[in-house]
Amino acid sequence: MKAFDITPTERIQFVAATAEHESEAVEIYRDNEELMALLGPQPVAESGRSFALREELPPGGKAENNRHFLLYTYNKKLIGLLDYYCGYPKADAIYIGSLFLKQDCQGKGYGRETARHLEELAIQQGFLWAYCGVGLKNWGALRFWTNCGYTMVTKVSGDRDYSPNSFACIELAKMLVR
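Positions within a chain are numbered from 1, following the residues in the order the chain's sequence is written. A pLDDT threshold of at least 70 governs which residues receive local features in this predicted model, and a stricter bar of 80 or more applies before side-chain atom pairs are shown or counted, although totals over entire chains, interfaces and linings include all residues. By convention in this description, side-chain values take in all heavy atoms of the structure and omit both hydrogens and water.

### Some thoughts on the overall build of the chain
So the rule is basically this: Put simply, DSSP marks the helices as runs of H or I at least four residues long and the strands as runs of E at least two long, and each gets a number from the N terminus on. Using a 1.4 Å probe on the protein chains alone, a residue whose accessible area is under 20% of its type maximum counts as buried, one over 50% counts as exposed, and one in between counts as partly exposed. Whether two residues touch is decided by their heavy atoms; if any such pair falls within 4.5 Å, the residues are in contact. Only the protein chains shown count as cover for residues, and the accessible areas themselves come from Shrake-Rupley with a 1.4 Å probe.
A tally of helices and strands in the chain yields 5 helices and 7 strands. Helices (α) and strands (β) of the chain occur, in sequence order from the N terminus, as β-α-α-α-β-β-β-α-β-α-β-β. Across the 178 residues in the chain, those meeting the buried criterion constitute 48%. Sequence-distant contacts, at least 24 apart, represent 65% of the contacts inside the chain between residues at least 6 apart. Here the chain displays about 9500 Å² of accessible surface, and carbon together with sulfur accounts for 52% of that area.

Written out as structure tokens, the structure reads:
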């Protein structure tokens, strides 16, 4: 399957992230700092840099299959960020690595609009599956993704025992249907 870029929706423009967008990515992560603490020890600035430079790849991944976007309204308000990888964990799948919205943009349908639009484009490109990883302590994201139909648990990773400082992630999947 071929990697694809996300196109605009009725309310959202998607701008491909570059090194010049590091400060915008950091702004979104800072706005979600409490949530970021649940996802592990990586500092916010480092997360923003990694997002803008597209540094994180799955095992055996290729940079050309990795897509990172900033989300804006049509009046140029920064509302979030999205990254996804085409062809992981299997060739006919996309993997949504991150979908973060600024706090004042949450609960307004932007996340659901982005997820649905990405799924529609993936189906048009011939992808059959969509996956996402969610921190187990991130209840809001667990609710969001399961409400979007990501209900198949495919993997649990992270610390074996629970503690206030432990981290674990659940991988969820959804079959994409036409």
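### A closer look at the packing of helix H4 (residues 110-124) against helix H5 (residues 139-147)
Stated formally: Here, axes are lines fitted to C-alpha atoms. For helices the fit covers the stretch in contact, and angles between N-to-C directions go from 0 to 180 degrees. Note on terminology: angles under 35 degrees are roughly parallel, angles over 145 are roughly antiparallel, angles of 65 to 115 are roughly perpendicular, and the others are oblique. Two helices that cross are described as forming a left-handed crossing if the nearer one is turned anticlockwise from the farther one by less than a right angle, and a right-handed crossing if clockwise.
Packing of H4 against H5 leaves a shortest axis separation of 11 Å and a crossing angle of 45 degrees. As the angle between them shows, H4 and H5 are arranged oblique. In terms of crossing hand, the pair formed by H4 and H5 is right-handed. Every residue of H5 that contacts H4 at Gly111, Arg112 and Ala115 is listed here: Phe144, Trp145 and Asn147.

### What about the pairing of strand E5 (residues 129-135)?
Short version of the rule: Whether two strands pair comes down to DSSP finding at least two bridges between them. The definition of a right-handed crossover adopted here requires that, viewed with the strands pointing away, the path from the first strand over the helix to the second runs clockwise.
Within E5, 6 of the 7 residues are buried, leaving the element largely enclosed by the surrounding structure. Two strands pair when backbone bridges link them, and strand E4 (residues 93-101) and E5 are joined in this way by 4 bridges, in the parallel orientation. When the bridges of E5 are listed, Ile96 appears paired with Cys132. Handedness of the β-α-β unit built from E4, H4 and E5 comes out right-handed. The pairing of E5 with strand E7 (residues 168-175) spans 7 bridges and is classified as antiparallel. Opposite Gly133, over in E7, you have Glu171 as the bridge partner.

### A word on the environment of Asp159
With respect to the helices, strands and loops of the structure, Asp159 is situated in the loop between strand E6 (152-158) and E7. As for Asp159 and Cys169, which are separated by 10 residues in sequence, their C-alpha atoms are 8.9 Å apart. When neighbours within four sequence positions are excluded, Asp159 is seen to be in contact with Asn165, Ser166, Phe167 and Ala168.

### Remarks on the sheet that holds E4
Taking strand neighbours across the sheet as the criterion, the 7 strands line up as E1-E2-E3-E4-E5-E7-E6 in an open arrangement whose pairing is mixed. Edge positions in the sheet fall to strand E1 (13-16) and E6, since each of these pairs with one other strand and no more. Direction aside, neighbouring strands of the sheet carry axes that sit 25 degrees apart on average. By the bridge criterion, 7 bridges tie strand E3 (residues 78-86) to E4 in an arrangement that is antiparallel. Directly across from Tyr84, in E4, lies its bridge partner Ile96. Running over the sheet, H4 touches E1, strand E2 (66-72), E3, E4 and E7 and is turned about 160 degrees from E4. Of the strands in this sheet, E4, E5 and E7 are in contact with H5, which crosses E5 at around 165 degrees.

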